[in-house]
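Summary of the model geometry
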Amino acid sequence: MAQGGGFQDRVKKVATERGVTPCQALFAVFLASLSEAKMLNQATANFLAKSAAPKLYAYLRAMDLLPEPTGDPRHDAEELVKALNRALEIGSRVEIEVHGDTMLIGLGGDECRYCPKSVGLAEIPWAACPFPKLLEGLLRSHGVDATVEPQRGEDGQLRLVVKRQGLCWIKLRLQAGG
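So, a few notes on the structure that sits alongside this text. Please read all numbers here as calculations on a predicted model, not as lab measurements.

With that settled, consider the environment of Tyr 59. Mapping Tyr 59 onto the fold places it in helix H3 (residues 42-62). On the accessibility criterion, Tyr 59 (57% relative accessible area) is exposed. Separated by 36 residues in sequence, Tyr 59 and Glu 95 have C-alpha atoms that sit 25 Å apart.

What follows is about the nonpolar core. Within the largest apolar cluster, 33 residues are counted, with the highest numbers of intra-cluster contacts made by Leu 84, Ile 90, Ile 105, Phe 131, Leu 138, Leu 139 and Ile 170. Ranked by the residues each element gives to this core, the list is headed by helix H4 (residues 73-88), at 6 residues. In this structure Ile 105 touches Val 81, Glu 95, Leu 135, Cys 168, Trp 169, Ile 170 and Leu 172, once residues within four positions along its chain are discounted. Grouped together as the second largest cluster of nonpolar side chains are 7 residues, Leu 40, Ala 45, Ala 122 and Ile 124 included.

Moving on, we come to helix H5 (residues 131-141). The buried fraction of H5 is high, at 8 of 11 residues. Where H5 is concerned, the buried positions are Phe 131, Pro 132, Leu 134, Leu 135, Glu 136, Gly 137, Leu 138 and Leu 139. Looking at the packing, one finds that the buried side of H5 touches H3, H4, strand E2 (102-107), strand E3 (146-149) and strand E7 (167-174). Downstream of H5 by one or two residues, Gly 143 has phi in the positive range, about 90°.

Moving on: the environment of Gly 120. Looking at the element boundaries, Gly 120 is found in the loop between E2 and H5. Assessed through its relative accessible area of 10%, Gly 120 is described here as buried. When the C-alpha positions of Gly 120 and Leu 80 are compared, they lie 26 Å apart, and in sequence the two are 40 residues distant. The contact partners of Gly 120, leaving out residues within four places of it in the chain, are Ala 28, Val 29, Ala 32 and Cys 115.

On to the pattern of salt bridges. Going through the model one piece at a time under the given rule, you end up with 11 salt bridges. For Lys 82, the salt bridge is made with Glu 79, and the minimal N-O distance between the two is 3.8 Å. Within this pair, Lys 82 and its partner Glu 79 are both found in helix H4, separated by 3 residues, close to a single helical turn. Take Lys 82: its relative accessible area is 34%, and that puts it in the partly exposed class. Residues Glu 149 and Arg 173 are paired through a salt bridge, measuring 2.7 Å at the closest nitrogen-oxygen approach. Remark: Arg 173 occurs in strand E7 and Glu 149 occurs in strand E3; sequence separation between them is 24 residues. Taking the relative accessible area as the measure of exposure, Arg 173 reaches 22% and is therefore partly exposed. Sharing partners across several salt bridges, the network here consists of Asp 101, Glu 149, Lys 171 and Arg 173.

Time to look at the packing of H4 against H5. Their axes nearest at 11 Å, the elements H4 and H5 cross at an angle of 120°. Here H5 runs oblique to H4, going by the angle between their axes. Of the two possible hands of crossing, H4 and H5 adopt the one that is right-handed. Taken together, the residues of H5 that come into contact with H4 (itself represented by Ala 77, Leu 80, Val 81, Leu 84 and Leu 88) are Phe 131, Leu 135, Leu 138 and Leu 139. Residues belonging to the contact of H4 with H5 are distributed by class as follows: 9 nonpolar, no polar and no charged.

Conventions used here
- Residues take numbers from 1 onward in each chain, read along the sequence in its written order.
- Reporting of local features is limited, given that this is a predicted model, to residues whose pLDDT is at least 70; pairs of side-chain atoms are given and counted only at 80 or more, and all residues count toward the totals for whole chains, interfaces and linings.
- Note: side-chain values were computed over all heavy atoms of the structure, leaving out hydrogens and water.
- Here a helix means four or more residues in a row that DSSP labels H or I, a strand means two or more in a row labelled E, and each is numbered from the N terminus.
- Burial here depends on accessible area, computed with a 1.4 Å probe over protein chains only, as a share of the maximum for the residue type. Under 20% is buried, over 50% is exposed, and the range in between is partly exposed.
- Among buried residues, the Ala, Val, Leu, Ile, Met, Phe, Trp, Tyr and Cys ones that are joined through side-chain atoms within 4.5 Å form a nonpolar core.
- Throughout, a contact is declared for two residues whenever any of their heavy atoms are within 4.5 Å.
- Put simply, a salt bridge is a Lys or Arg side-chain nitrogen that is within 4 Å of an Asp or Glu carboxyl oxygen.
- Throughout, an axis means a line fitted to C-alpha atoms (over the contacting stretch in the case of helices), and angles, computed between N-to-C directions, take values from 0 to 180 degrees.
- For classification purposes, angles smaller than 35 degrees are called roughly parallel, those larger than 145 roughly antiparallel, those between 65 and 115 roughly perpendicular, and all remaining angles oblique.
- Should the near helix be turned anticlockwise from the far one by less than a right angle, the crossing is termed left-handed; should it be turned clockwise, right-handed.
- Nonpolar residues are Ala, Val, Leu, Ile, Met, Phe, Trp, Tyr, Cys and Pro. Charged residues are Asp, Glu, Lys and Arg, and all others, Gly as well, are polar.

So, in C-alpha cells, the structure goes:
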C-alpha cells in the first residue's frame, strides 16, 4: 500500500473522527496485514476471536472490568456486551434488541475503532469482523450459552455482521439454562 500524502490524510481522518488509540490501531492494522498476505477473511477472524475469547475473558475478569454473572442469560449477556464496549472502547454506543431467545447487538459500526477495513485500511470487499465470535466466546466463558447466527445483508447474502443505522449488528441465539 502506498503511503503518500493521501494515505496520511486518510489515516489522520479515521484516527481523529473515531478517536482511535495506538492500541486499537495496532489491532486493526495487524488484521489488515493479514489481508495483504491474503490470509484475512471472516473465517480467519472467527478463528482468532474464538481462540482469543477465553484468554481475553480471563484478563477482563482479572482487571475487574466485567460484571459478576447472575444466572439470568439475557441480563448477563446485555451487561457483558456493555462492559466489553466500555473496556475496549469499540464505539460510543451499544444498542441491544431482544426478541425471545434472540438478541441483536449493535455496536461499533461507523465509529468502530477495531475495524480492519476502516481503521486498519484493509483493501477487502468483505467483512472480517472479530466481534461476532469474540462475543460468543466471551458469553460462553461468562456462563451464557450463546451462538452467533447469520443474518441476511442488504445484498441477500448471509453474514455474521450486518451494518444498519450506523452500527454493526450481530445476532445471537441464547439457549435456556445458560
